[in-house]
Amino acid sequence: QVQLVESGGGLVQAGGSLRLSCAASGLTFSRDVMGWFLQAPGKEREFVASISTTGAGTDYADSVKGRFTISRDNANNAVNLQMNSLRPEDTAVYYCGARFFPSSARITFRDNYNDWGQGTQVTVSS
């Protein structure tokens with residue numbers, strides 16, 4: 001059974017930083033593309049960042065480029081999201097997603113993820 005557990009959320013002032021982590025179990029982690037998504041109240045879940053199976057490829061939503069960095073540690077089955085220069089509009093529940101795709105070192109995805117964590121709340125005050 002796949003389990004993704006996010007941590008690291010919290011309350012931060014605008015301009016501050018947070019580092020989210022997602023611990024994965026029950027899957028062959030090195031064969032899954034990993035992604036981070038956010039969902040604000042009353043809105044649909046939306047893509048934030050993704051990383052290929054080896055970490056060689058990354059993709060970011062335009063709204064977070066230059067501020068957020070996704071990384072992964074295949075030895076420890078973890079994916080992280082470093083969030084800098086946070087803005088009030090970044091406030092949301094952040095979810096970790098996994099999508100099985102063993103075939104390429106660089107390919108990432110923005111949709112059709114198979115497994116999800118429970119989410120971690122990020123609140124940015126102005």
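Before reading on, note that the structure itself is shown above.
The rules behind the values
- Residues numbered from 1 in each chain as written.
- Predicted model: local features only at pLDDT ≥ 70, side-chain atom pairs only at ≥ 80, totals over all residues.
- Heavy atoms only, no water.
- Salt bridge = Lys/Arg side-chain N within 4 Å of Asp/Glu carboxyl O.
- Helix = DSSP H or I, 4+ residues; strand = E, 2+ residues; numbered from the N terminus.
- Buried < 20%, exposed > 50% of the residue type's maximum accessible area, 1.4 Å probe, protein only.
- Pairing = 2+ DSSP bridges.
- Axes fitted to C-alpha atoms, helices over the stretch in contact; angles between N-to-C directions.

Asks: Could you clarify how one ought to interpret the pattern of salt bridges in this entry?
Replies: It is possible for side chains of opposite charge to pair when their charged atoms get near one another. Counted by the stated rule, this structure contains four salt bridges. Where Arg 110 meets Asp 59, a salt bridge forms, and the shortest distance between an N and an O atom there is 2.6 Å. Here the residue Arg 110 occupies a position in the loop between strand S9 (92–100) and strand S10 (115–116), and Asp 59 occupies one in strand S6 (residues 58–60), the gap between them amounting to 51 residues. For Arg 110, a relative accessible area of 41% gives the class partly exposed. Notably, a salt bridge pairs Arg 99 with Asp 111, separated by 3.8 Å at the nearest N-O pair. Pair noted here: Arg 99 is in strand S9 and Asp 111 is in the loop between S9 and S10, with a separation of twelve residues, a long-range link. By relative accessible area, which is 17% here, Arg 99 ends up buried. With a relative accessible area of 45%, Asp 111 lands in the partly exposed category.

Asks: I tried to follow the environment of Thr 28 on my own but got confused; where do I start?
Replies: Mapped onto the fold, Thr 28 is located in the loop between strand S3 (18–25) and strand S4 (32–39). The partly exposed category is assigned to Thr 28, whose relative accessible area is 47%. Separated by 74 residues in the primary sequence, Thr 28 and Pro 102 have C-alpha atoms spaced 9.5 Å apart.

Asks: Teacher, can you tell me more about the sheet that holds S3 here?
Replies: The strands that make up a sheet pair up through hydrogen bonds in the backbone, lying either parallel or antiparallel. Taken in spatial order, the four strands line up as S1-S3-S8-S7 in an open sheet, and their pairing is antiparallel. At either end of the open sheet lies a strand with only one pairing partner, and these are strand S1 (3–7) and strand S7 (68–73). Strand-to-strand twist of the sheet, defined as the mean angle between neighbouring strand axes without regard to direction, takes the value 15°. Sheet topology note: the S7/strand S8 (residues 78–83) ladder contains six bridges and is antiparallel. Counterpart to Ser 71 in the pairing with S8 is Asn 80.

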